[in-house]
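The lines below spell out each chain.
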There are 2 protein chains.
Amino acid sequence: MKFCTQCGSAVDLRIPEGDNVPRHVCARCGEIHYLNPKVVVGTVARWEDRVLMCRRAIEPRYGLWTLPAGFLENDETTIEGAMRETLEEAAARVKIKQLYTLFNLPHINQVYVMFLADLTAPEFGPGPESLEVTLCDERDIPWDDIAFPVIEQTLKLYFEDRRRGRFGVHSGDIVRLPGPRRAFEVRMLRD
Amino acid sequence: MKFCTQCGSAVDLRIPEGDNVPRHVCARCGEIHYLNPKVVVGTVARWEDRVLMCRRAIEPRYGLWTLPAGFLENDETTIEGAMRETLEEAAARVKIKQLYTLFNLPHINQVYVMFLADLTAPEFGPGPESLEVTLCDERDIPWDDIAFPVIEQTLKLYFEDRRRGRFGVHSGDIVRLPGPRRAFEVRMLRD
């Protein structure tokens, strides 16, 4: 952020009075601009024993597999956003069953909120951000080609829960480990 | 939003190519500015049978009672944010026990995430945003002077769960009803 959204003047990075974190503060009008994490919403969408997966047609992680998910928009609920993303990315209509996971990704300032859902019909197809969309049985999941650690962890929890016959609500953090290698640690709050 | 954060020029409100929602788009550099909901994090923090409550020293809802909660910041997890807000507003240290509620407030573009927590000691006091802080038994809760519907609903769920001896994870929407009166409907996803 370089300029004030309210008056167009340059902003300084400084700690406002009564605060303890540096903020972008307008040098002219004094407006304080807060930057906050974004919410990503999506679904584990099922038809019979299979889960709907999308192969990404966009960066980052072009060509790798993910669950339908994207940024929550203003004026919608997390459920509405999860349904919209499933429709946009996989041309699939779903009925939301329950809140399933909440993951913090502090290294990229995102909070992932995923819902368990059922397809209303076995109808789906690639939206503009997907190369292909398919229903995967557990043995078909492309574990080595999953786009994001949060999606891999969500799928692992899902198949574990399915085996034990009970779906909980899971929350935790996906923490990027220091160092040049792209490595992450999953820290669950409670199962 | 009136000016571009990247170049300081005026923004137009228009639907970018490939999108279907009006966005603030810079007339000069073309940057598209997305506005997204903010996450509010907080705690239902307990000491023995009582819950920590704060009387607001700031607008909106000055003088009314709430649970410690505030905007999630960049570079922190929802748990870290909930602990920070409890420390800032109530000078209390907590151990987080579980994710408790996720509420959508689409009329103000907020997602509330509240955690069940235990005070690590019966020590607390008003931070700069609180007039007073107290531990409330169920019979002491000032139901007619709760600052926000989402807080009232969270407290109701908490005392219901405590009576049945099991704490679930609850999610739902707080929807502002049309009309001049400040009235809301609570729509739970699943109990």
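Residues numbered from 1 in each chain as written. Chains lettered and ligands numbered in written order. Predicted model: local features only at pLDDT ≥ 70, side-chain atom pairs only at ≥ 80, totals over all residues.

For the rest of this paragraph, the subject is the overall build of chain A. Looking only at helices and strands, one finds 2 helices and 12 strands in chain A. N-terminal to C-terminal, the α/β element order of chain A is β-β-β-β-β-β-β-α-β-β-β-α-β-β. Taking the principal axes of the C-alpha coordinates as reference, chain A spans close to 60 × 30 × 30 Å. At a minimum sequence separation of 6, the contacts of chain A that also span at least 24 residues come to 55%. (Helix = DSSP H or I, 4+ residues; strand = E, 2+ residues; numbered from the N terminus. Contact = placed C-beta atoms within 7 Å.)

Turning to the domain arrangement of chain A, a few remarks are in order. When cut into domains, chain A gives domain 1 (1–35) and domain 2 (38–190). Computed from C-alpha coordinates alone, the two centres of domain 1 of chain A and domain 2 of chain A are separated by 35 Å. (Domains from an automatic or database assignment.)

The next subject is the sheet that holds strand β2 (residues 23–26) of chain A. Residue and element names in this part refer to chain A. Read from one edge of the open sheet, 3 strands run β1-β2-β3, paired in antiparallel fashion. A strand with exactly one partner marks an edge of an open sheet, and here the two such strands are β1 (11–14) and β3 (32–33). Two strands pair when backbone bridges link them, and β1 and β2 are joined in this way by 4 bridges, in the antiparallel orientation. Each bridged residue has a counterpart across the sheet, and for L13 the counterpart in β2 is H24. (Pairing = 2+ DSSP bridges.)

Here the focus is the environment of H33 of chain B. All names here are of chain B. In this fold, H33 is placed in strand β3 (residues 32–33). C-alpha of H33 to C-alpha of F167: the two residues are 134 residues apart in sequence and 40 Å apart in space. In contact with H33, other than residues within four places in its own chain, are M1, T5, V11, R23 and H24.

With antiparallel pairing, the 3 strands of this open sheet are ordered in space as β1-β2-β3 (chain B). Each edge of the open sheet is held by one strand with a lone partner, namely β1 (11–14) and β3 of chain B.

Moving on to the environment of R181 of chain A. Structurally, R181 of chain A can be placed in the loop between β11 (170–176) and β12 (184–190). Owing to 6 C-beta atoms within 10 Å, R181 of chain A belongs among the exposed residues under this scheme. (Buried ≥ 20, exposed ≤ 12 C-beta atoms within 10 Å, placed from the backbone.)

Before going further, it helps to spend a moment on the pairing of strand β8 (residues 94–105) of chain B. All names here are of chain B. With respect to burial, β8 is a largely interior element, 9 of its 12 residues being buried. Where β8 and strand β9 (residues 110–119) come together, 10 bridges link them in antiparallel fashion. What sits directly across from I96, in β9, is A117. Taking the residues that link successive antiparallel strands as the turn, the β8-β9 hairpin has 4 residues, and the phi of N109 there is positive, at about 55°. Bridging between β8 and strand β11 (residues 170–176) involves 4 bridges; their strand directions are parallel. Across the sheet, residue F103 finds its bridge partner in β11, namely G172.

What follows deals with the relation of the copies chain A and chain B. With an RMSD of 0.0 Å, the operation that places chain A on chain B is a rotation of 180° combined with a shift of 0.0 Å along the axis. In short, the pair behaves as if placed about a two-fold rotation axis. If distances are taken from each C-alpha of chain A to the rotation axis, the shortest is found for G8 of chain A, at 2.3 Å. When you check the interface residues of chain A against chain B, 100% turn up at the interface there too, and the contact is symmetric in its surfaces. (Least-squares fit on C-alpha atoms with pLDDT ≥ 70 in both.)

Here the focus is the confidence of the model for chain A. Counting all residues, the mean pLDDT for chain A is 96, and 99% of those residues have values of 70 or more. The ipTM, which scores confidence in the relative placement of chains, is 0.93 for this predicted complex, and the corresponding pTM is 0.95. (pLDDT = per-residue confidence, 0-100.)

As a further point, take the interface of chain A and chain B. With 39 residues of chain A at the interface, the matching set in chain B holds 39 residues. Looking at the side of chain A that touches chain B, the elements that each hand over two or more residues are β4 (38–47), α1 (78–90), β8 (94–105), β9 (110–119), β11 and β12 of chain A. Among the elements that make up the side of chain A that touches chain B, the one with the highest residue count is β8 of chain A (4 residues). Here the residues of the side of chain A that touches chain B sort into 20 nonpolar, 12 polar and 7 charged. (Nonpolar A, V, L, I, M, F, W, Y, C, P; charged D, E, K, R; others polar.)

Its place among the elements puts L72 of chain A in the loop between β7 (69–71) and α1. Distance in space between the C-alpha atoms of L72 of chain A and K38 of chain A is 7.5 Å, their sequence separation being 34 residues.

Residue and element names in this part refer to chain B. End to end, helix α1 (residues 78–90) covers 18 Å across 13 residues, agreeing with the expected 18 Å (1.5 Å per residue, within 8%). Looking at α1, one finds that the buried residues are T78, I79, G81, A82, M83, E85, T86, E89 and A90. Just past α1, the residue A91 takes up positive phi, approximately 50°. (Expected span 1.5 Å × (residues − 1).)

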